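# Chain and residue survey
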Amino acid sequence: MLILGIDSSGHTASVALYADGVVLSEYSCNIGLTHSQTLLPMVAEIFSRTGHTVDELDAIAVNAGPGSFTGLRIGAATAKGLALGYDIPLLEVSTLEGLAMNVRDMDAVYVHPIMDARRSQVYTATFLDGQLIGEEEAIGIEELVTKINQMPGKHFFLGDAVPVYRSCLETQLSVPYRFADPGNLLQRASSVAMLGAEQLAQGKAVSGKDFHLSYIRKPQAEREREAAGLREYDITHEDPNLLKKAAGEDRLAARNYKIDAGPGYEDDTVPENL
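Every value quoted in this text rests on a predicted model; they were computed, and no experiment measured them. (Residues numbered from 1 in each chain as written. Predicted model: local features only at pLDDT ≥ 70, side-chain atom pairs only at ≥ 80, totals over all residues. Heavy atoms only, no water.)

### Observations concerning empty space enclosed by the protein
This is how the line gets drawn: Grid spacing is 1 Å over the protein atoms alone, the probe is 1.4 Å, and a cavity is where that probe fits but cannot get out, while a pocket is an open set with protein on both sides within 12 Å along at least five of seven lines and lining residues have an atom within 4 Å of a point. Grid points are joined across faces, edges and corners, and a volume is the space filled by probe spheres set on the points. For helices the rule is a DSSP run of H or I covering at least 4 residues; for strands it is a run of E covering at least 2, with both sets numbered from the N terminus onward. Charged means Asp, Glu, Lys or Arg here, nonpolar means Ala, Val, Leu, Ile, Met, Phe, Trp, Tyr, Cys or Pro, and polar covers whatever is left, Gly included.
Inspection of every chain in the model, using the stated rule, returns one cavity of 30 Å³ or more. Looking at the largest cavity, it is lined by 13 residues, and the ones nearest its centre are A100, M101, R104, F127 and G130. Elements with a contribution of two residues or more to the lining of the largest cavity: α3 (95–101), β6 (109–116) and β7 (121–128). At three residues, the largest contribution of residues to the lining of the largest cavity is made by α3. Of the residues in the lining of the largest cavity, the class split is nine nonpolar, one polar and three charged.

Put into structure tokens, the structure is as follows:
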């Protein structure tokens, strides 16, 4: 069983080749380059170094979220391109479960992968002995601390939100806790591939066209657009105040253009759309 693991859900881009219980090769890159610059060259290099080819793959395991919206889409596009081109099944792996897989051998310890979701929030879930407890969620860091303080036992944190909120956790947690070492702190494609192997054995593979991402929450731009009562074509870039829904004005109502009057709404005060 030969599986390619791909993770681009955070700052780190990672790819791994996994075969029958052995990680043949794993590359990770966290040097500030975009995943569109690093991911495909890393995939090509891993096949070159191991002597395997894409058409030998039994499946491709890729993070399905949560995480960076752009990063997830780059990883999904890469996996889908290979899957559709070579008729290879895909395996949808949770980013949080992949992080927890880094330290799955920890017994009787609550494992909390936390990913920075901005605005003092994290994507997180709780795992105990490798099993998900509750649900994956986006939650405020202080709310998470309150929740964990009500859970007696030992706790373990990993993920890119650890350095962001470490001081907050250290000062506010009242339960025993530890943080992951640098080698297991961030996402690893080998963990994604190993979880993918388990899914493949359980018959959970999907086709490229049926692969779906799970963002947990909507992108920030979409949330702001909905809060302002706007649709995408209502977004303007000249005046931020136009993003706010004016009293008595239905910004979602259909609008007409003047005939032969050039681009723009009938309301000449609204600048041209993006």
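On we go.
### As for the side chain of Q199
For the record, the criterion: The term polar contact refers here to a pair of N or O atoms within 3.5 Å; inside protein, the definition further demands a hydrogen-donor-capable atom paired with an acceptor-capable atom, and it admits residues adjacent in sequence only when both atoms are side-chain atoms. Contacts are assigned to residue pairs that have any heavy atoms within 4.5 Å of one another.
Inspection of the secondary structure assignment puts Q199 in helix α7 (residues 189–201). At a separation of 2.9 Å, a polar atom in the side chain of Q199 contacts the main-chain carbonyl oxygen of E92. In this view, Q199 contacts L91, E92, V93 and K204; residues no more than four positions away in its chain are not counted.

### Some points on the packing of helix α1 (residues 35–50) against helix α2 (residues 69–86)
Counted only if it meets this: Here the axes come from fitting lines to C-alpha atoms, over the contacting stretch only for helices, and the angles between their N-to-C directions go from 0 to 180 degrees. In this scheme the crossing of two helices becomes right-handed for a clockwise turn of the near helix relative to the far one and left-handed for an anticlockwise turn of less than a right angle.
Between α1 and α2, the least distance of the axes is 10 Å, while the angle of their chain directions is 35°. Our pair here, α1 against α2, has a crossing hand that is right-handed. Along its contact with α1, which presents H35, S36, L39, L40 and V43, the element α2 presents G71, I74, G75, T78 and L82.

### Looking at the pattern of salt bridges
To be explicit about the condition: We define a salt bridge as a side-chain nitrogen of Lys or Arg found within 4 Å of a carboxyl oxygen belonging to Asp or Glu. The rule is simple: take the accessible area with a 1.4 Å probe, protein chains only, and divide by the maximum for that residue type; under 20% is buried, over 50% is exposed, in between is partly exposed.
All told, the structure shown has seven salt bridges when counted by the stated rule. When the shortest N-O distance is used, the salt bridge between E26 and R188 registers 2.9 Å. Taken together, the residues E26 in strand β3 (residues 22–29) and R188 in the loop between α6 (182–185) and α7 connect sequence positions 162 residues apart. On the accessibility criterion, E26 (23% relative accessible area) is partly exposed. By relative accessible area, which is 29% here, R188 ends up partly exposed. Notably, a salt bridge pairs R49 with E45, separated by 2.6 Å at the nearest N-O pair. Here E45 and R49 lie together in helix α1, a separation of four residues that amounts to about one turn.

### A few points about the packing of aromatic side chains
Given two aromatic rings, their pairing is described by the distance between the two centres and the angle made by the two planes. Our working rule: Each Phe, Tyr or Trp ring (for Trp, its six-membered ring) is paired with any other whose centre lies within 6.5 Å, and the angle between the two planes then decides the class: stacked below 30 degrees, edge-to-face above 60, tilted in between.
Under the criterion given, the structure shown has three aromatic pairs. Relative to Y215, the ring of F69 has its centre 4.9 Å away and its plane inclined at 50°; by these criteria the two rings are tilted. You can see F69 sitting in helix α2 and its partner Y215 sitting in the loop between α7 and α8 (220–227), a full 146 residues away along the chain. Between F157 and F179, the aromatic rings sit 6.0 Å apart at their centres with planes inclined by 50°, giving tilted as the arrangement. One end of the pair, F157, is in strand β9 (residues 154–158); the other, F179, is in strand β10 (residues 177–179), and 22 residues separate them in sequence. Just as F157 is buried, F179 falls in that class too. The structure contains a cluster of three or more aromatic residues connected by ring pairs, namely F157, Y177 and F179.

### Digging into α2
In an α-helix, one turn spans 3.6 residues; hence positions three or four apart end up facing the same way. The condition is simple: Helices are assigned an expected span. That span is 1.5 Å times one less than the residue count.
Across its 18 residues, α2 extends 26 Å between first and last C-alpha, which sits within 8% of the 26 Å expected from 1.5 Å per residue. Those residues of α2 lying buried are F69, G71, L72, G75, A76, T78, A79, L82 and A83. D87 sits one or two residues past α2 and shows a positive phi near 55°.

### Thoughts on unusual backbone geometry
Following G65, the chain continues into P66 via a peptide bond in cis, with omega recorded as 5°. Take P66: it is sitting in the loop between β4 (59–63) and α2. The backbone of A108 shows a phi angle near 55°, a positive value even though the residue is not glycine. With respect to the helices, strands and loops of the structure, A108 is situated in the loop between α3 and β6. We note that R119 has phi near 55°; this positive angle belongs to a residue other than glycine. As for its position among the elements, R119 is in the loop between β6 and β7.

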